[in-house]
Amino acid sequence: MAFPHRLDAPELPDFSILKRLARDQLIYLLEQLPGKKDLFIEADLMSPLDRIANVSILKQHEVDKLYKVENKPALSSNEQLCFLVRPRIKNMRYIANLVNADKLAGRIRKYKIILTPQKFYACEMVLEEEGIYGDVSCDEWAFSLLPLDVDLLSMELPEFFRDYFLEGDQRWINTVAQALHLLSTLYGPFPNCYGMGRCAKMSYDLWRKLEEEEDSETKGRRPEIGHIFLLDRDMDFVTALCSQVVYEGLVDDTFRIKCGSVDFGPEVTSSDKSLKVLLNAEDKVFSEIRNEHFSNVFGFLSQKARNLQAQYDRRRGMDIKQMKNFVSQELKGLKQEHRLLSLHIGACESIMKKKTKQDFQELIKTEHALLEGFNIRESTSYIEEHIDRQVSPIESLRLMCLLSITENGLIPKDYRSLKTQYLQSYGPEHLLTFSNLRRAGLLTEQAPGDTLTAVENKVSKLVTDKAAGKITDAFSSLAKRSNFRAISKKLNLIPRVDGEYDLKVPRDMAYVFSGAYVPLSCRIIEQVLERRSWQGLDEVVRLLNCSDFAFTDMAKEDKASSESLRLILVVFLGGCTFSEISALRFLGREKGYRFIFLTTAITNSARLMEAMSEVKA
């Protein structure tokens, strides 16, 4: 990497303790059912569980057979059944059917339900309705922080986004507050806290309550992490809707990284088998290319392959002793590197094949035009063509949302025409999806007289209005407006570049989108860190409709070392993309910070659209 190191980056905290805590708690819960038992696991808990406690650990604690929770009768003959599930109504019904079937057949067994990350009253209500509340024991496994990498923690709650930002369901806020409380218990208090968004504010308030209740524990502790940011996903939909072009983001867009690992199919492994690969800092090849713009990756990998070949070739002139050393010390490492190298080269080839097939250049050009507000008519016709050719329902939706947010809503004529074409092309069952997108503010229609300039004039009049306290009513009429252009100007999100933007030597965070756009979420973090508060960003905060929910809590910094003040935890509520992670890692290297990420789940444009869609793929 050609990045200058201004300061030695501070050490990252050791997150392996989080895995140990989760494992110990799970074992404790399993041991409350002494003796042999069968374990039923919900499908989307399998990957996270595998990272915490593998099959052999479960076997040591007398788990006999493992079953997947699915819609068919259980064939277990064991006398004790344990269920590890998310707190969902359908899971409770599944367990109730199973218990009631046993009752009918006159079977007597013991049942234990472990709900993770928390227990909800609604679940217990269902068990009561089904008449089995007294037959089962219910417990909570508070496992909500999974370290996916040295600087990345995930709550693995992909449903958080839809539940909160579409349904307005606040039940996961407690989980977030508990997770933050655990982090401050383990790594000391956070001297500086900044937040933006309604969800961030609620999570923060609840977390503070928990801290007050147990104030004695963290008092006097030295903070290890100097700053924490809490950000709502809906303050920056644009970044999440753009195609990713850094390597890790592209791998996620193409193959779907799930819980920190990816399944590479036969087209990548060049064998007839698929292979599950863990993508993290321990993969020496991956860690050097993960944050690179895709255009640089191929060159890097071929250079690496040449170096590797040269190391292999060294053995030609070796005597027996040197050969023995080479085999015992270097060969294993070289083989491992060789295997990873060929996998990533395979992945690159596969990505390139797929991307040329869907005419990636043309797509990126359209996205950049939308971000800059140029050639809107041409971009609209590109989207229409996309819909008519039935390229992909998710992709077409994403482009419509990007057009809507960057243009502050679509002109009614365009909105109707695009919606009609979409429903004719992909089927009327998508009608409900449009209603969802509208509710979440992702795809909206401008009210008459709400052209962009009119809205901007209205907003600037409000902003300059002296009676700042009385403008909330006028503001609520602008609710769900994205004001993207105005914010983009204020924060200089579209860099002015003289000549070509050199992607080999990135000069700013815009490289994660080929130099066309700096992610809004990352720019805000950069600005707040420079100012150490929201001061001077008042207008941006207002344009983002966040005036009541942007807050700074500066605690006493005297206990914090200068080292810890350069460690920053960024919490994304509603999901975070690999592009944002790469952009902030770059900012950290430039300014001598180290960023740690905590997200409710990793997201990308397809996951965002799927969460809003009523049509299951």
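Nothing here was measured: the structure is a model prediction, and the numbers come from that model.

A.B. asks: Please explain the overall build of the protein chain as it appears in this structure.
C.D. replies: Counting its secondary structure elements, the protein chain contains 27 helices and 14 strands. Relative to its length of 617 residues, the protein chain is compact, with a C-alpha radius of gyration of 26 Å against a globular reference of 25 Å. For the C-alpha atoms alone, the extent of the protein chain along its principal axes is close to 80 × 70 × 60 Å. Out of the 617 residues belonging to the protein chain, those deemed buried represent 55%. Contacts spanning at least 24 positions in sequence make up 78% of the contacts within the protein chain whose residues lie at least 6 apart.

A.B. asks: How do you make sense of helix α18 (residues 393-406) when you look at a structure like this?
C.D. replies: Residue pairs spaced three or four apart in an α-helix point in one direction, given the helix's 3.6 residues per turn. A rise of 1.5 Å per residue sets the reference length of α18, with its 14 residues, at 20 Å; its end C-alpha atoms lie 20 Å apart and thus fit the reference within 8%. In terms of residue burial, α18 counts as a mostly covered element, since twelve of its 14 residues are buried. Regarding α18, the residues found buried are Glu395, Ser396, Leu397, Arg398, Leu399, Met400, Cys401, Leu402, Leu403, Ser404, Ile405 and Thr406. Among the residues trailing α18, asparagine 408 stands out with phi positive, at a value near 65 degrees.

A.B. asks: For this particular structure, what's the right way to read the packing of helix α17 (residues 376-388) against helix α19 (residues 412-426)?
C.D. replies: Pairs of packed helices are described in terms of their axes, by the angle between the two and the distance that separates them. Their axes nearest at 9 Å, the elements α17 and α19 cross at an angle of 20 degrees. Taken together, α17 and α19 sit at an angle that is classed as roughly parallel. Between α17 and α19 lies a crossing of left-handed hand. Two secondary-structure elements touch here, α17 through Arg377, Thr380, Ile383, Glu384, His386, Ile387 and Asp388 and α19 through Asp414, Ser417, Leu418, Gln421, Tyr422, Ser425 and Tyr426. Here the residues of the contact of α17 with α19 are counted per class, giving five nonpolar, five polar and four charged.

A.B. asks: Would you explain the sheet that holds strand β5 (residues 136-140) in this entry?
C.D. replies: The strands making up a sheet are joined through hydrogen bonds of the backbone, oriented either antiparallel or parallel. A sheet is described by the order of its strands in space; here five strands give the open sequence β2-β1-β3-β4-β5, paired in parallel fashion. The open sheet has two free edges, formed respectively by β2 (63-68) and β5, since each of these has just one partner strand. For this sheet, the mean inter-axis angle between neighbouring strands, taken without regard to orientation, is 20 degrees. Two elements, strand β3 (residues 80-85) and strand β4 (residues 110-115), share six bridges in a ladder whose sense is parallel. Bridge assignment links phenylalanine 83 to a residue of β4, and that residue is isoleucine 113. Packing against the sheet, helix α1 (residues 16-30) makes contact with β1 (37-41), β2, β3, β4 and β5, and its axis sits at approximately 160 degrees to β4.

A.B. asks: Teacher, can you tell me more about the packing of aromatic side chains here?
C.D. replies: Any two aromatic rings considered together are summarised by their centre-to-centre distance and by the angle between their planes. One pass over the structure, following the stated rule, counts 21 aromatic pairs. The interplanar angle of 70 degrees and the centroid separation of 5.4 Å between the aromatic rings of phenylalanine 120 and tryptophan 172 together place this pair among those described as edge-to-face. In this pair, phenylalanine 120 sits in the loop between β4 and α5 (121-129) while tryptophan 172 sits in the loop between α6 (159-165) and α7 (173-187), placing the two residues 52 residues apart along the sequence. Exposure class is identical for phenylalanine 120 and tryptophan 172. Each is buried. The interplanar angle of 90 degrees and the centroid separation of 5.2 Å between the aromatic rings of phenylalanine 255 and phenylalanine 264 together place this pair among those described as edge-to-face. For the pair shown, phenylalanine 255 and phenylalanine 264 are each scored as buried.

A.B. asks: Can you walk me through the packing of α18 against helix α20 (residues 431-439) in this structure?
C.D. replies: Viewed as axis vectors pointing N to C, α18 and α20 meet at an angle of 30 degrees, and their least axial separation amounts to 12 Å. The angle between α18 and α20 places the two elements in the roughly parallel class. Between α18 and α20 the crossing geometry is right-handed. On the side of α18, the interface is formed by Leu397, Met400 and Cys401, while α20 contributes Thr433, Phe434 and Leu437. Looking at the contact of α18 with α20 residue by residue, the class counts come to five nonpolar, one polar and no charged.

A.B. asks: Where do I start with the pairing of strand β9 (residues 227-232) in this structure?
C.D. replies: For a regular strand, side chains alternate in direction, first toward one face of the sheet and then toward the other. Buried residues dominate β9, accounting for six of its six residues. Neither face of β9 is left uncovered, since the one carrying His227, Phe229 and Leu231 and the one carrying Ile228, Leu230 and Asp232 both have all their residues buried. Summarising the sheet, strand β8 (residues 192-196) and β9 pair through five bridges and their orientation is parallel. For glycine 195, the partnering residue across the bridge sits in β9 and is leucine 230.

A.B. asks: Help me out: how do you make sense of the side chain of asparagine 78 in this one?
C.D. replies: Within the secondary structure layout, asparagine 78 lies in the loop between β2 and β3. What makes asparagine 78 buried here is its relative accessible area of 11%. Among the polar contacts listed, one links the side chain of asparagine 78 to the side chain of aspartate 38, at a separation of 3.2 Å. Apart from residues no more than four positions distant in its own chain, asparagine 78 is found in contact with Lys36, Lys37, Asp38, Asp64, Arg107 and Arg109.

A.B. asks: Explain the pattern of salt bridges here, please?
C.D. replies: Close approach of charged atoms allows side chains with opposite charge to pair. Tallied over the full model, the rule gives 36 salt bridges. Where arginine 398 meets glutamate 395, a salt bridge forms, and the shortest distance between an N and an O atom there is 3.0 Å. On the criterion of helical spacing, the pair formed by arginine 398 and glutamate 395 is a turn pair, its members being three residues apart in helix α18. Classification of glutamate 395 as buried rests on a relative accessible area of 16%.

A.B. asks: So what exactly am I meant to see when it comes to the side chain of asparagine 291 here?
C.D. replies: Mapped onto the fold, asparagine 291 is located in the loop between α13 (284-289) and α14 (294-313). When its relative accessible area of 5% is taken as the criterion, asparagine 291 is described as buried. A polar side-chain atom of asparagine 291 sits 2.9 Å from a polar atom in the side chain of serine 582.

Definitions and cut-offs
Residues numbered from 1 in each chain as written. Predicted model: local features only at pLDDT ≥ 70, side-chain atom pairs only at ≥ 80, totals over all residues. Heavy atoms only, no water. Helix = DSSP H or I, 4+ residues; strand = E, 2+ residues; numbered from the N terminus. Rg over C-alpha atoms; globule rule 2.2 N^0.38 Å. Buried < 20%, exposed > 50% of the residue type's maximum accessible area, 1.4 Å probe, protein only. Contact = heavy atoms within 4.5 Å. Expected span 1.5 Å × (residues − 1). Axes fitted to C-alpha atoms, helices over the stretch in contact; angles between N-to-C directions. Parallel < 35°, antiparallel > 145°, perpendicular 65-115°, else oblique. Left-handed = near helix turned anticlockwise from the far one by under 90°. Nonpolar A, V, L, I, M, F, W, Y, C, P; charged D, E, K, R; others polar. Pairing = 2+ DSSP bridges. Phe/Tyr/Trp six-rings, centres within 6.5 Å; stacked < 30°, edge-to-face > 60°. Polar contact = N/O pair within 3.5 Å; in protein donor to acceptor, adjacent residues only side chain to side chain. Salt bridge = Lys/Arg side-chain N within 4 Å of Asp/Glu carboxyl O.

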